[in-house]
Amino acid sequence: MDDIDLKDFLPLKGRKIVVASSGSVSVYRMPDLVRDLRREGADVWVAMSQGASRLVSPELMKWASGHNVAVEITGDIEHISLIEDREDVLLIVPATYNTIGKMSSGIADSIVTALFSHALGNGNRIIAVPVMHLSMYSNPIMQRNLQMLREMGVRIIDPIEAQGKAKIPLSATIVDEAVRASASAVSGRNALVITGKGHAEIDPVRLITNRSSGETGYWLARALYRKGFSVTVLGSVPRELPGQIKHIPAGDVGEFFDKARSLLRESYSVVTLPAAIPDFAPERSTGKIDSTSSFEMKLNPVPKLVDEIRKHHKGLLVPFRLTSESADDTFRHFKTSRPDAVVLNYYDTEGGPFGDGKCRFIFLTPDGKKTIIGINKEEACTSIAKEIAEMVK
Ligand SMILES: Cc1cc2nc3c(=O)[nH]c(=O)nc-3n(C[C@H](O)[C@H](O)[C@H](O)COP(=O)(O)O)c2cc1C
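For clarity, every value in this text was computed on a predicted model and none was experimentally measured.

Thoughts on the overall build of the chain
Thinking step 1. Within the chain, the regular secondary structure consists of 14 helices and 21 strands.
Thinking step 2. Here the chain holds 393 residues, and the buried ones make up 43% of them.
Thinking step 3. Within the chain, contacts between residues separated by at least 24 positions form 67% of all contacts whose residues are at least 6 apart in sequence.

A few points about the sheet that holds strand β1 (residues 16-21)
Thinking step 1. Taken in spatial order, the five strands line up as β2-β1-β3-β4-β6 in an open sheet, and their pairing is parallel. This sheet does not close on itself; its edge strands, each paired only once, are β2 (43-48) and β6 (155-156).
Thinking step 2. By the bridge criterion, six bridges tie β1 to β2 in an arrangement that is parallel. Paired with Val19 across the two strands is Val46, which belongs to β2.

Brief notes about the sheet that holds strand β7 (residues 160-162)
Two orientations exist for strands paired in a sheet by backbone hydrogen bonds: parallel and antiparallel.
Thinking step 1. With antiparallel pairing, the three strands of this open sheet are ordered in space as β5-β8-β7. Each having just a single partner strand, β5 (132-133) and β7 make up the two edges of the open sheet.

A closer look at the site of the ligand
Thinking step 1. Lining the immediate surroundings of the ligand are 17 residues, of which Ser22, Gly23, Ser24, Gly51 and Thr96 lie closest.
Thinking step 2. Contributing elements (two or more residues each) for the shell around the ligand: α2 (50-55) and α5 (97-105).
Thinking step 3. The residue makeup of the shell around the ligand, split by class, is seven nonpolar, 10 polar and no charged.

Side note on the packing of helix α1 (residues 30-39) against helix α3 (residues 58-65)
Thinking step 1. Look at α1 against α3: their axes get within 9 Å of each other, and the N-to-C directions meet at 15 degrees. It follows from the interaxial angle that α1 and α3 lie roughly parallel. Handedness of the crossing formed by α1 with α3: right-handed. Here Met30, Pro31, Val34 and Arg35 of α1 come into contact with α3, specifically with Leu60, Met61, Ala64 and Ser65.
Thinking step 2. A per-class count over the contact of α1 with α3 returns six nonpolar, one polar and one charged.

Here's the deal with the environment of Thr336
Thinking step 1. Mapping Thr336 onto the fold places it in the loop between α13 (330-333) and β19 (342-346).
Thinking step 2. Assessed through the 12 C-beta atoms surrounding it within 10 Å, Thr336 is described here as exposed.
Thinking step 3. Each C-alpha atom, one on Thr336 and one on Val34, is 48 Å from the other, the two residues being 302 residues apart in sequence.
Thinking step 4. In contact with Thr336, other than residues within four places in its own chain, are Asp307 and Arg310.

A word on the nonpolar core
Thinking step 1. In this structure, Val18, Ala47, Leu90, Leu91, Ile92, Leu115 and Ala178 are the most contacted members of the largest nonpolar core, which totals 57 residues.
Thinking step 2. In this structure, Ile194, Tyr218, Leu241 and Val270 belong to the second largest nonpolar core, which totals 50 residues.

Points about the pairing of strand β12 (residues 230-235)
Thinking step 1. With six bridges connecting them, strand β9 (residues 190-197) and β12 associate as parallel partners. Residue pairing for β12: Val193 is matched across the bridge by Val233.
Thinking step 2. Where β12 and strand β13 (residues 246-248) come together, three bridges link them in parallel fashion. From the neighbouring strand, Val233 faces β13, where its bridge partner is His247.

Here is what the cut-offs are and how they apply
- Within every chain, residues take consecutive numbers counted from 1 along the sequence as written.
- The predicted origin of the model limits local features to residues at a pLDDT of at least 70 and limits the giving and counting of side-chain atom pairs to 80 or more, whereas totals for whole chains, interfaces and linings rest on all residues.
- The helix count covers DSSP runs of H or I at least four residues long, the strand count covers runs of E at least two residues long, and both are numbered beginning at the N terminus.
- Counting other C-beta atoms within 10 Å of a residue's C-beta gives its exposure: the residue is buried at 20 or more, exposed at 12 or fewer, and partly exposed in between, where C-beta atoms are placed from the backbone.
- Contact between two residues is assigned whenever their backbone-derived C-beta positions fall within 7 Å.
- Two strands are counted as paired when DSSP detects at least two bridges linking them.
- Being near a molecule or strand means, for a residue, that its C-beta atom, positioned from the backbone, comes within 6 Å of it.
- All residues other than Ala, Val, Leu, Ile, Met, Phe, Trp, Tyr, Cys, Pro, Asp, Glu, Lys and Arg, Gly among them, are scored as polar; the first ten of these are nonpolar and the last four charged.
- Convention adopted: a line fitted to C-alpha atoms gives each axis, helices being fitted over their contacting stretch, and angles between N-to-C directions are expressed from 0 to 180 degrees.
- Angle categories are assigned with fixed cut-offs, so that under 35 degrees is roughly parallel, over 145 is roughly antiparallel, 65 to 115 is roughly perpendicular, and the rest are oblique.
- Here is the rule for handedness: rotate from the far helix to the near one, and if that takes an anticlockwise turn smaller than a right angle the crossing is left-handed, while a clockwise turn gives right-handed.
- The term nonpolar core refers to a set of buried Ala, Val, Leu, Ile, Met, Phe, Trp, Tyr and Cys residues connected through C-beta atoms within 7 Å.

Just distances and angles here, no functional claims.
Below, the structure written as structure tokens:
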């Protein structure tokens, strides 16, 4: 009986992923990872080296995947039969020092290394996640082996380096890599996503800010990465981003301007702004304002960040506009920045536009083409990333 709860939006629907685990202690994370991949819509099959099967029971992985687990090669020639289609993805996680060494030297004496030998020749997408102590990970043999595998087209996901270990990354990091491997991707393009709420300081302890959550930027960054972009995020997001996405935090309005200018010394294929930068800011008091009496505060307009971006950015520019109206004047509203497209974000949706609830976005281009996209932010941002990928091709 299958008791998996699928998400509303399934980026891995129709995809088969073979998770091949070798004997690292982090195999304890595999039941969760396999369930996470299935919740994204993937059909997941598991193979385990003898070392992995001594650490975590194949029975548990059978429950997690909903399929029999291969721990050795039998008369069913599992190393061939598990990967039938060129579209199937082989995910070697965790990949031990031993398994990486064997993969790069053409040794196939476990189900994991034999699957690799078949997938490499068959032209399947292969992703490997090395996990071990840092002393092993950083040694020159390991680094040479990883480089050799990269040159053969294997995607190596960088581990998280902490407490003397090269640790397994977030599930979201691995999920995004699997989606990217499965999707028709753009290559050699980079994107800057400016997101979340900005604030203006009233005095050293008080702020003016807004209710933007950064949820849209979080999903747009992931969606662009999944499409094949290199992605940098400037601003705030509601939870940790996958490790392949560079995150530069910003909060204060001046910080957004300074960091955006500095980032734009590099050129970007696209800059998009699902951000809420304050429109007004007070004169900042240097001391804490006395709370025992009333005071008057004058709010001055803040220059538009999108206009400043346009001064330094020649590529595609896609700002967001929060609105409740038909927004026929959208491109007049952005007359200084001349965007290539605008995403209209309607704040009269059920539950409001903030956080991870429902959303209503329209992707609008200057020639009047309107695409209505999405029910939730992950799905909507996937559609926006698809539109952007079409435009940069
Ligand atoms: C509890 C335990 C944890 C281990 N963790 C790791 C690890 O994180 N990374 C690694 O490269 N080897 C680790 N090893 C060593 C490997 O299991 C060993 O090198 C084994 O030969 C790997 O075989 P395999 O690659 O076929 O699974 C661990 C061994 C044990 C017993």
